[in-house]
Amino acid sequence: MTSSKKSSFEKKFFKTIGKYKLIEKNDKVVVALSGTSSATMLFLLKQIKGMEIFAITIDEEKKKTRYSKNIAKKFGVNHIIVKGNSEIHRRYILNKTARELVATKLAVGHSMDDECASIILSMCRGDFSRFQRLGPNPIIIKNKKFVPRIKPMIFFSEKEILNYAKKKIPLFKEKKAKSHREDIKKMINKIEKFHPGTKNSMIKFYERLMPMIISKAIKKINYCERCGEPTSRAICRICEISQN
Ligand SMILES: [Zn+2]
């Protein structure tokens, strides 16, 4: 019997895990640890009894790496730091490292704000294949080279995460870089301010689209001719870039 009562934030987190079957028995979960949101997720996932859990950090920013190191140490989680330097690299390295750890799930700390920005961003870039891979448990083709990614935090706004985290864990002050994604985030926040509930509606809207998206998803996967990693192309982006 536990004496601690779960807050509504915690209840919602564990309800999400159950509803979308994000974590199942015998899962070994690797957490992509970077800022406050992923640290909060790690804090919550640690409460699942008997589950094996690791953390990976991509060493892109000294401050972030130091913060992640402290968090992993504080929570007593095995922590691996790997090199990487771009968004494409990040996904590739996270998947590869998680697979090498024989993980069954890769948990990323995307918030509702991140997810809404990803929805709009994929539209702005006309990137339908990226759009297909959103949601709490993106359906990718079952493939032994892909570790399924889960996003248990997308039903919480950044504000909600901060409010919860500030009483529990050290916070990381994020430096907002100028980017297409940040511009979109700002725009969505502006709309949210005048029309509260916008972000939540966007997430719900995507959720309703999911069954239709899945039925149309690409069923075939290739392996990169050079490195053997899974890709939708003949030669993956990483090999293409490193060649130049
Ligand atoms: Zn390759």
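Model, not experiment: these values are computed from the prediction.

Here is what the cut-offs are and how they apply
In this numbering scheme, every chain counts its residues from 1 along its sequence in written order. Predicted model: local features are reported for residues with pLDDT of at least 70 only, side-chain atom pairs are reported and counted for 80 or more only, and whole-chain, interface and lining totals are derived from all residues. Strands here are runs of E lasting at least two residues and helices are runs of H or I lasting at least four, both read from the DSSP assignment and numbered beginning at the N terminus. We compute the radius of gyration from the C-alpha atoms alone; for a globule the expected value is 2.2 Å times N to the 0.38, where N is the number of residues. Backbone-placed C-beta atoms define the burial measure: a residue is buried with 20 or more other C-beta atoms within 10 Å of its own, exposed with 12 or fewer, and partly exposed in between. Distance between backbone-placed C-beta atoms decides contact: two residues are in contact if it is within 7 Å. Joining buried Ala, Val, Leu, Ile, Met, Phe, Trp, Tyr and Cys residues through C-beta atoms within 7 Å gives a set, and that set is a nonpolar core. Two strands form a pair only when DSSP identifies at least two bridges running between them. Helix axes are fitted to C-alpha atoms over the stretch in contact, other axes to C-alpha atoms as well, and angles between N-to-C directions run from 0 to 180 degrees. Throughout this description, any angle smaller than 35 degrees is read as roughly parallel, any larger than 145 degrees as roughly antiparallel, any in the 65 to 115 degree range as roughly perpendicular, and the remainder as oblique. A crossing counts as left-handed when the near helix is turned anticlockwise from the far one by less than a right angle, and as right-handed when that turn is clockwise. Asp, Glu, Lys and Arg are counted as charged, while Ala, Val, Leu, Ile, Met, Phe, Trp, Tyr, Cys and Pro are counted as nonpolar; the rest, among them Gly, fall into the polar class. With the strands pointing away from the viewer, any crossover whose connection runs clockwise from the first strand over the helix to the second is right-handed.

Caption draft 1: The arrangement of the overall build of the chain in detail. Tallying secondary structure elements over the chain gives 10 helices and seven strands in all. In summary, the chain has a C-alpha radius of gyration of 18 Å against a globular reference of 18 Å for 244 residues, a match within 12%. Counting all 244 residues of the chain, 29% fall into the buried class. At a minimum sequence separation of 6, the contacts of the chain that also span at least 24 residues come to 69%.

Caption draft 2: Broad picture of the nonpolar core. Of all hydrophobic cores here, the largest spans 40 residues; its most connected members are Val-30, Val-31, Leu-33, Leu-42, Leu-106 and Ala-107. For this core, the secondary-structure elements that each account for two or more residues are strand 1 (28–32), helix 2 (36–45), strand 2 (52–59), helix 3 (62–75), helix 4 (87–100), strand 4 (105–107), helix 5 (112–124) and helix 7 (158–165). In terms of residue count, the dominant contributor to this core is helix 2 (five residues). Residues contacting Leu-33, with those up to four places away along its chain left out, are Ser-38, Ala-39, Leu-42, Ala-55, Ile-56, Thr-57, Ser-68, Ile-71 and Ala-72.

Caption draft 3: Focus on the sheet that holds strand 4. Strands sit in the order 3-2-1-4-5 across an open sheet of five strands; the sheet is parallel. The strands lining the two open edges of the sheet, one partner per strand, are strand 3 (78–83) and strand 5 (149–150). Two strands pair when backbone bridges link them, and strand 2 and strand 3 are joined in this way by six bridges, in the parallel orientation. By the bridge assignment, Thr-57 is partnered in strand 3 with Ile-81. The strands that helix 2 touches are strand 1, strand 2 and strand 4; relative to strand 1, the one it contacts most, it runs at about 155 degrees. Across the sheet, helix 4 touches strand 1, strand 2, strand 3 and strand 4, and the angle it forms with strand 2 is around 145 degrees.

Caption draft 4: Seen up close, helix 2. The buried fraction of helix 2 amounts to nine of the 10 residues, a majority that puts the element mostly inside the structure. The set of residues buried in helix 2 consists of Thr-36, Ser-37, Ser-38, Ala-39, Thr-40, Met-41, Leu-42, Phe-43 and Leu-45. On the buried face of helix 2, the contacting elements are strand 1, strand 2, helix 3, strand 4 and helix 7.

Caption draft 5: Layout of the environment of Glu-87. Considering the arrangement of structural elements, one finds Glu-87 in helix 4. Separated by 33 residues in the primary sequence, Glu-87 and Phe-54 place their C-alpha atoms 21 Å from one another.

Caption draft 6: Quick peek at the packing of helix 2 against helix 7. Relative orientation of the contacting elements helix 2 and helix 7 amounts to 55 degrees, with a least axis distance of 10 Å. By the angle between their directions, the pair helix 2 and helix 7 is classed as oblique. Here helix 2 runs over helix 7; the crossing is left-handed. Here Thr-36, Ser-37 and Thr-40 of helix 2 lie close against helix 7, whose contacting residues are Ile-161, Leu-162, Tyr-164 and Ala-165. Along the lines of polarity and charge, the residues of the contact of helix 2 with helix 7 split into four nonpolar, three polar and no charged.

Caption draft 7: Spotlight on the pairing of strand 2. For strand 2, a buried count of six out of eight residues is recorded, marking the element as mostly surrounded by other parts of the structure. Pairing geometry for strand 1 and strand 2, over five bridges, is parallel. Note on strand 2: the bridge partner recorded for Lys-28 is Glu-52. Taken together, strand 1, helix 2 and strand 2 constitute a β-α-β crossover, and its handedness is right-handed. As for the winding sense of the linkage, the β-α-β connection from strand 2 through helix 3 to strand 3 is right-handed.

Caption draft 8: Representation of unusual backbone geometry in the model. The backbone of Asn-26 sits at a positive phi, close to 70 degrees, despite the residue not being glycine. Note that Asn-26 resides in the loop between helix 1 (8–19) and strand 1. By the C-beta count within 10 Å, which is 9 here, Asn-26 ends up exposed. The backbone of Val-102 sits at a positive phi, close to 55 degrees, despite the residue not being glycine. Structurally, Val-102 can be placed in the loop between helix 4 and strand 4. The exposed category is assigned to Val-102, around which 10 C-beta atoms lie within 10 Å.

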